[in-house]
Amino acid sequence: MSVPFSGALRRSGGIVSAIGKQLKSVNLKGVKRITVQFDPFAENVKSTREFLFLLSTPKVALTNPKCVVKSEIVCNRQPANIKFALIDSAQEKAKVKEIRFNSDNINTLELLQLCNRHVSSLAPPEEITNKVLTKAEKQKLGGGAGGGKKTYKKK
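Naming follows an unreviewed UniProt entry, where the protein chain appears as Large ribosomal subunit protein mL53 of Drosophila gunungcola. Under the heading Subcellular location (unreviewed entry), UniProt records this for the protein chain: "Mitochondrion". Comment text from UniProt for the protein chain, heading Sequence similarities (unreviewed entry), reads "Belongs to the mitochondrion-specific ribosomal protein mL53 family."

Set out below in structure tokens:
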């Protein structure tokens, strides 16, 4: 008699793939300014620095090109914190002006999960404005299918 199989067929991808998965869903459209403040000589600052690096990657920066990411390096032994200043529509939705994370004892993956849960959810919905163009309209605009007919002069 055999025991039926239960569980995963393979191992998980690990912490790096989990960070990559969370990073793909970060959306900063509801944020106008991010301020990351930390003491570089503190013990638990590595995750905050990694989070600052991940926020400055091109894919995340393209979600809101107007968002300003600022780092404040202090030397006063204060715990590291991250402050998200929200846009007006996100302020109305969340009923707060800013969101603060005390990131002293949180790892990078947890910071990304918190960002997705509390910040990315405030992003305004994306408006779909795709208009389907016909071949004639595409040719009028200078591109499109077919490329048009070429005429040759006879000599």
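## Overview of the sheet that holds strand 4 (residues 98-102)
One open sheet holds the 4 strands; their spatial order is 2-1-3-4, and the pairing between them is mixed. A strand with exactly one partner marks an edge of an open sheet, and here the two such strands are strand 2 (68-73) and strand 4. Averaged over all pairs of adjacent strands, the angle between their axes in this sheet comes to 15°, without regard to strand direction. Direction of pairing for strand 1 (residues 31-38) relative to strand 2: parallel, over a ladder of 6 bridges. Looking at the pairing, Phe38 lines up with Ile73 of strand 2. Lying over the sheet, helix 2 (residues 46-55) contacts strand 1, strand 2 and strand 3 (81-86), oriented at roughly 150° with respect to strand 1. Here helix 5 (residues 108-118) sits on the sheet and contacts strand 3 and strand 4; the angle it forms with strand 4, its principal contact strand, is near 160°.

## Comments concerning the nonpolar core
Leu28, Val31, Ile34, Phe51, Ile82 and Phe84 are the most contacted members of the largest nonpolar core, which has 28 residues in total. Sorting the residues of this core by element identifies strand 1, helix 2, strand 3, strand 4 and helix 5 as the ones contributing at least two each. The contact partners of Ile34, leaving out residues within four places of it in the chain, are Leu28, Leu55, Cys67, Val68, Val69, Lys70, Ile82, Lys83 and Phe84.

## A short note on helix 2
Considered for burial, the residues of helix 2 that qualify are Ser47, Thr48, Phe51, Leu52, Leu54 and Leu55. One side of helix 2 holds all its buried residues, which, seen down the axis, span an arc of 165°. Residues of helix 2 that are exposed and angled more than 90 degrees away from the buried face: Lys46 and Phe53. As for helix 2, its buried residues are in contact with helix 1 (15-24), strand 1, helix 3 (58-61), strand 2, strand 3 and helix 5.

## Concerning the packing of aromatic side chains
Using the criterion set out here, one finds 1 aromatic pair in the structure. Summarising the aromatic geometry, the rings of Phe84 and Phe101 are spaced 5.4 Å apart at their centres and angled 65° between planes, so their arrangement reads as edge-to-face. With a gap of 17 residues between them, Phe84 in strand 3 and Phe101 in strand 4 connect regions that are remote in the sequence. As far as burial versus exposure is concerned, Phe84 and Phe101 are alike and both buried.

## Structural notes on the pairing of strand 3
Across the 6 residues of strand 3, 5 count as buried, placing the element largely inside the fold. Sheet topology note: the strand 1/strand 3 ladder contains 6 bridges and is antiparallel. Within strand 3, the residue paired with Gln37 across the bridge is Asn81. Here strand 3 runs beside strand 4; their pairing, made up of 5 bridges, is antiparallel. Looking across to strand 4, one finds that Asn81 is bridged to Asn102.

## A word on the environment of Val36
Mapping Val36 onto the fold places it in strand 1. In sequence terms Val36 and Ser71 are 35 residues apart; their C-alpha atoms lie 4.7 Å from each other. Ignoring anything within four residues of it in the chain, the contact list for Val36 reads Thr48, Leu52, Lys70, Ser71, Glu72, Asn81 and Ile82.

What counts, and where the lines are drawn
- Each chain carries its own residue numbering, running from 1 in the direction its sequence is written.
- Local features are withheld for residues below a pLDDT of 70 in this predicted model, meaning they are given only at 70 or higher, and side-chain atom pairs are given and counted only at 80 or more; totals for whole chains, interfaces and linings count all residues.
- Side-chain metrics rest on all non-hydrogen atoms present in the structure, leaving aside hydrogens and water.
- UniProt positions are given in the numbering used here, feature names are shortened, and annotations may be inferred rather than shown by experiment.
- At least two bridges found by DSSP between two strands is the condition for calling them paired.
- Secondary structure follows DSSP: runs of H or I at least 4 residues long count as helices, runs of E at least 2 residues long count as strands, and numbering of each begins at the N terminus.
- To obtain an axis, a line is fitted to C-alpha atoms, over the contacting stretch when the element is a helix, and the angle between two such axes runs from 0 to 180 degrees between their N-to-C directions.
- Should any heavy atoms of two residues lie within 4.5 Å, those residues are counted as being in contact.
- Buried residues of nine kinds, namely Ala, Val, Leu, Ile, Met, Phe, Trp, Tyr and Cys, make up a nonpolar core once their side-chain atoms join them within 4.5 Å.
- Only protein chains enter the accessibility calculation, which uses a 1.4 Å probe; a residue is then buried when its area is under 20% of its type maximum, exposed when over 50%, and partly exposed in between.
- The directions considered for the arc run from the helix axis to the C-beta atoms.
- Two aromatic rings from Phe, Tyr or Trp, using only the six-membered ring of Trp, form a pair when their centres are within 6.5 Å; if the ring planes differ by under 30 degrees the pair is stacked, by over 60 it is edge-to-face, and anything between is tilted.

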